[in-house]
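# What the coordinates show
In case you want the letters, here they are:
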Amino acid sequence: MRQNSGTADTFDKTTHRGPLGEVWGAVGFVERNFALYKRYSGWIVVVTAYAAVNTIIIGLIGRAAGDERLVLYLIIGSVLWAFLSQLFQEVCESMAWEHWEGTLEVTFSAPLKRFTQLLGVSAFSILYSLFKSLVIMAAMLLFFRIDLSGANLLSASVVLLAGSVSFLGMGIASGVLPILSRERGFSAARIFLALLLLVSGVYYPIAVLPAWLRPFSVVSPATYALRSMRAALLDGAGLAEIKGDVLILLTFCVVTVPLGFAVFAVGERWAKWKGKLKVDG
Amino acid sequence: MIVRDGYELDEQETGSAISSEESPDVDATVNGRDERRNVETKTMDNLALRASGVVKRFEIQDGNRNRKGLRRLWPFYKRETFEALSDVNVEVRAGEIYGIIGMNGSGKSTFIRVISTLLFPDEGTVEVFGVDVVKNPDEVRRMINRVSVDAAFFRSLSAKENLRYSARLHGLSPRDARKRYKEILTRIGFDHNRVSDQVKSLSRGMKQKVAVSRALMSTPRLLLLDEPTTGLDPRSKRDVQQFLHKMRDEEGTTIVITTHDMEEAERICDRIAIIHDGRIVAEGTAAELIEIARNGRGEPTLEKVFFKFTGEEWDEYE
């Protein structure tokens, strides 16, 4: 009998435990989610079509007011919110899905850094959110014949990137909620998202909020992402003009991402003390 | 031979049971077969697993929350708990197949979860090859793999997709993984035509075979099997058991297996622990345990041993 008192590396020649193993791991989450979404492709089509129709209806409210600028104002809000909220929810939904399937223990006992797992789930989240938002945007361009010739696409891309990362950080933090409570975790994340939707000025300027609600908009990265995105697409604002909002968004990135991982790590440890990873038994 | 928790055995009862500490080479007669098992000398260096004084308590989940009303929300509210594991002490040598037998709710799965870093103990320590499961869970996870009694999968994905996902998690390249799981599935009699079927369309036994393949394809140093053969037909059970022996003999894998199947425990385990109400009440080779039960009263079986230490009839339980 072979003695297996050697190191893990000498023991197992077929597995890649180093950085390459982590890369395989992250790819595994993208592959897995892609396979799952492919299996439910009919449902994805329905959800995306619903979101597109919803955005068209919101745009039509602007058209009914006879204000073409308002049409684009509302569409930008709707599409950007669809993108950011999808990013936020995706990590949470992935954990909730695993908990319902009972595979959370399989994933959490794998020799993979939690960072890699969350990175893989986040990468898929970005890909899926981008796909969904591009489909909605394409539908808007066709339906409303929107002219974006005056838009500053470079500024818009920078805002999109900075906004995405800050939302991902919050999404990672909320990802631990379904682990702590299978029944209520995902709902709690949705409530938090609804509050962001209320205070961030997605469909209206912050100024119309009651005075007591307005301070909450300051702590939502969506406020700055929406404001600077509108400036870039409606007014063609360059990076110099929106640098204030971009800097705030970058600050959110620096704070929310490490905080997201830290919150997740604390939640995971608590779940392991309390036995929350198991489904039964 | 170790006997715990008030089950004091006199010299006559222990009979000729051989202490593994006294004699590293143990002759054990199991099911009429003579097997000479080279039990390694128990030293600190070659321990695959050491659990010392492990205690795990869980809050009692009351189905009727309203009965306690708002008192539950009070931070100092004293919640009712029960001990799933009570002062569990286990040492498993590298390369050993160590069985844990016990009834439902006796703490087997909880113990496996603690070893696999899914659950932290409230008291005591668990080390896998000298690495603490609470302090260094990442390092421990690199050395283990686990099969649970309820094989969990993404049910809408195929067996192949689930295996590929697991291979990625364990750092296996797709080519190595495919080669490995094909070999294992063939050996344990899984119909290859079903490998692309969604898991939800597979029978319980077939799912269990996929779960076993999933755990075995990464060649872990410590394999944790929580009732791995539950739901398998006798032939598949035998195939899995043979594969476990192959892993131990060729790869040097240490195996901790929980089971309800006494025959299985006798057939494949070097040593067996009996767990009851979260406590290890007896531990030894099958031959040693049977020897205790012999005690001059008819033909002993492992079922009788179980009864002796737990006061529970195995037949009633089954």
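Refer to the structure above for everything that follows.
Every residue gets a number counted from 1 within its own chain, in the order that chain's sequence is written. Think of it this way: whatever chain is written first is A, whatever ligand is written first is 1, and the rest follow in order. Confidence filtering applies because this is a predicted model: local features only for residues at pLDDT of at least 70, side-chain atom pairs given and counted only at 80 or more, and all residues used for totals across whole chains, interfaces and linings. Computation of side-chain values covers all heavy atoms of the structure but excludes hydrogens and water.

### With respect to the overall build of chain A
Put simply, DSSP marks the helices as runs of H or I at least four residues long and the strands as runs of E at least two long, and each gets a number from the N terminus on. Helix and strand counts for chain A stand at 12 helices and 0 strands. If you list the helices and strands of chain A from N to C, you get α-α-α-α-α-α-α-α-α-α-α-α. Looking at chain A as a whole, 53% of its 281 residues are labelled buried. It only takes one pair of heavy atoms within 4.5 Å for two residues to be counted as in contact. The long-range share in chain A, meaning contacts at least 24 apart out of those at least 6 apart in sequence, stands at 79%. Summing over all exposed atoms, chain A offers an accessible surface of approximately 12,800 Å²; the carbon and sulfur share of this is 72%. For the exposure calls, accessible area comes from a 1.4 Å probe over protein chains only, and a residue counts as buried if that area is under 20% of its type's maximum, exposed if over 50%, partly exposed in between. Accessibility throughout is a Shrake-Rupley quantity obtained with a 1.4 Å probe, and a residue counts as covered only by protein chains that appear here.

### A closer look at the pairing of strand β9 (residues 144-147) of chain B
All names here are of chain B. Burial along β9 is two-sided: the face carrying Ile 144 and Arg 146 and the face carrying Asn 145 and Val 147 are both buried. Where β9 and strand β10 (residues 222-226) come together, 4 bridges link them in parallel fashion. In the sheet register, Arg 146 faces β10, and the bridge partner there is Leu 224. At least two DSSP bridges between two strands are needed for those strands to be called paired.

### A word on unusual backbone geometry
Residue and element names in this part refer to chain B. Despite not being glycine, Thr 117 has its phi angle at roughly 65°, a positive value. Position of Thr 117 relative to the elements: it lies in the loop between α2 (108-115) and β7 (123-128). One non-glycine residue with positive phi stands out, namely Asp 277, at about 50°. The topology assignment puts Asp 277 in the loop between β12 (271-276) and β13 (279-284). Residue Asp 277 is classed as exposed on the basis of its relative accessible area of 54%.

### Quick word on the pattern of salt bridges
Note on definitions: salt bridges are taken to be side-chain nitrogens of Lys or Arg within 4 Å of carboxyl oxygens of Asp or Glu. Taken as a whole and judged by the stated rule, the model has 28 salt bridges over all chains. For the salt bridge of Glu68(A) with Arg63(A), the shortest nitrogen-to-oxygen distance reads 3.2 Å. Residue Glu68(A) is classed as partly exposed on the basis of its relative accessible area, which comes to 48%. Since its relative accessible area comes to 33%, Arg63(A) is described here as partly exposed. A salt bridge links Arg93(B) to Glu96(B), with the nearest nitrogen and oxygen atoms 3.4 Å apart. Across the pair, Glu96(B) and Arg93(B) agree in class, each one buried. Each member of the salt-bridge network shares a partner with another, and the members are Arg93(B), Glu96(B), Arg271(B) and Glu283(B).

### A closer look at the side chain of Glu227(B)
In this structure, Glu227(B) sits in the loop between β10 and α7 (234-251). The exposure class assigned to Glu227(B) is buried, which follows from its relative accessible area of 7%.

### Section: helix α12 (residues 239-274) of chain A
All names here are of chain A. End to end, α12 covers 48 Å across 36 residues, agreeing with the expected 52 Å (1.5 Å per residue, within 8%). Most pronounced at Asp 245, the bend in α12 amounts to some 40°. Of the residues trailing α12, Gly 275 is marked for its positive phi of about 75°. For a helix, the expected span equals 1.5 Å multiplied by the number of residues minus one. Consider a residue and the seven residues that end there alongside the seven that start there; fitting an axis to each set, the bend is the angle between those axes.

### A closer look at the side chain of Ser166(A)
Residue and element names in this part refer to chain A. For Ser 166, the location among the structural elements is in helix α7 (residues 153-174). Classification of Ser 166 as buried rests on a relative accessible area of 0%. Of note is the side chain of Ser 166, whose polar atom sits 3.2 Å from the backbone oxygen of Ala 162. By the criterion applied in these results, polar contacts are pairs of N or O atoms within 3.5 Å in which, for protein atoms, one can donate a hydrogen and the other can accept it, and in which residues neighboring in sequence qualify only through two side-chain atoms.

### Focus: the pairing of β7(B)
Residues and elements named next belong to chain B. Bridge count for strand β4 (residues 47-59) against β7 is 5 bridges, and the pairing is antiparallel. Paired with Ser 52 across the two strands is Thr 125, which belongs to β7. As paired elements, β7 and strand β8 (residues 131-132) share 2 bridges and run antiparallel to each other. Across the sheet, residue Val 128 finds its bridge partner in β8, namely Val 131. With antiparallel pairing between neighbouring strands as the criterion, β7 and β8 make up a hairpin whose turn holds 2 residues, including Phe 129 at a positive phi of roughly 50°.

### A look at the interface of chain B and chain A
Interfaces are frequently sized by the accessible area removed from exposure as the parts join. Each partner contributes to the interface: chain B provides 51 residues, whereas chain A provides 52 residues. Two parts placed together each lose some accessible area; with a 1.4 Å probe, that loss summed over both constitutes the buried area. Summed over both sides, the interface between chain B and chain A buries roughly 4,700 Å², with carbon and sulfur atoms accounting for 52% of that surface. Linking chain B with chain A are 6 salt bridges, by the criterion used here. When the shortest N-O distance is used, the salt bridge between Arg168(B) and Glu31(A) registers 2.6 Å. Linking chain B with chain A are 13 residue pairs in polar contact (both at pLDDT 80 or more), by the criterion used here. A per-element tally of the side of chain B that touches chain A places helix α4 (residues 159-169) of chain B first, with 5 residues.

### A closer look at the environment of Arg187(B)
Locating Arg187(B) in the fold gives a position in helix α5 (residues 174-187). When near neighbours in sequence (up to four residues on either side) are disregarded, Arg187(B) contacts Asp239(B), Phe243(B) and Lys246(B).

### Quick word on the packing of aromatic side chains
Residues and elements named next belong to chain A. Ring pairs are drawn from Phe, Tyr and Trp, using the six-membered ring of Trp, whenever the two centres fall within 6.5 Å, and their geometry is named by plane angle: stacked under 30 degrees, edge-to-face over 60, tilted for the rest. Tallied over the full model, the rule gives 14 aromatic pairs over all chains. Between Tyr 37 and Trp 97 the ring centres are 6.1 Å apart and the planes differ by 35°, which places this aromatic pair in the tilted class. On the criterion of sequence distance, the pair formed by Tyr 37 in helix α2 (residues 19-39) and Trp 97 in helix α4 (residues 68-101) is long-range, its members being 60 residues apart. Given a relative accessible area of 22%, Trp 97 falls into the partly exposed group. Measuring from ring centre to ring centre gives 6.1 Å for Phe 124 and Tyr 128, while their planes differ by 5°; the resulting arrangement is stacked. With Phe 124 and Tyr 128 both in helix α6 (residues 114-144) and 4 residues apart, this pair spans about one turn of that helix. By relative accessible area, Tyr 128 is classed as buried at 8%. In this structure an aromatic cluster arises from ring pairing among Tyr 37, Tyr 40, Trp 97, Phe 124 and Tyr 128.

### What about the environment of Gly267(A)?
All names here are of chain A. Of note, Gly 267 is situated in helix α12. For the pair Gly 267 and Gly 175, spaced 92 residues apart in sequence, the C-alpha separation works out to 9.5 Å. In this structure, Gly 267 is in contact with Val 176 and Leu 180, ignoring residues within four places of it in sequence.

### Some thoughts on α7(B)
In an α-helix, one turn spans 3.6 residues; hence positions three or four apart end up facing the same way. Residues and elements named next belong to chain B. With 18 residues, α7 extends 25 Å between its outermost C-alpha atoms, agreeing within 8% with the 26 Å of an ideal straight helix rising 1.5 Å per residue. Among all positions in α7, only Ser 236, Asp 239, Val 240, Gln 241, Phe 243, Leu 244, Met 247, Arg 248 and Glu 251 are buried. Immediately downstream of α7, the backbone of Gly 252 shows phi near 75°, a positive value.

### Focus on the nonpolar core
If you look at the biggest cluster of nonpolar residues, it comprises 75 residues, and the most contacted ones within it are Met140(A), Phe167(A), Ile179(A) and Phe264(A). Residue contacts for Met140(A): discarding those within four places in its chain leaves Ala52(A), Thr55(A), Ile56(A), Ile75(A), Val79(A), Arg145(A) and Ile146(A). With 50 residues, the next largest nonpolar core counts Ala211(B), Phe243(B), Ala286(B) and Phe306(B) among its residues. Note on terminology: a nonpolar core comprises buried Ala, Val, Leu, Ile, Met, Phe, Trp, Tyr and Cys residues joined through side-chain atoms within 4.5 Å.

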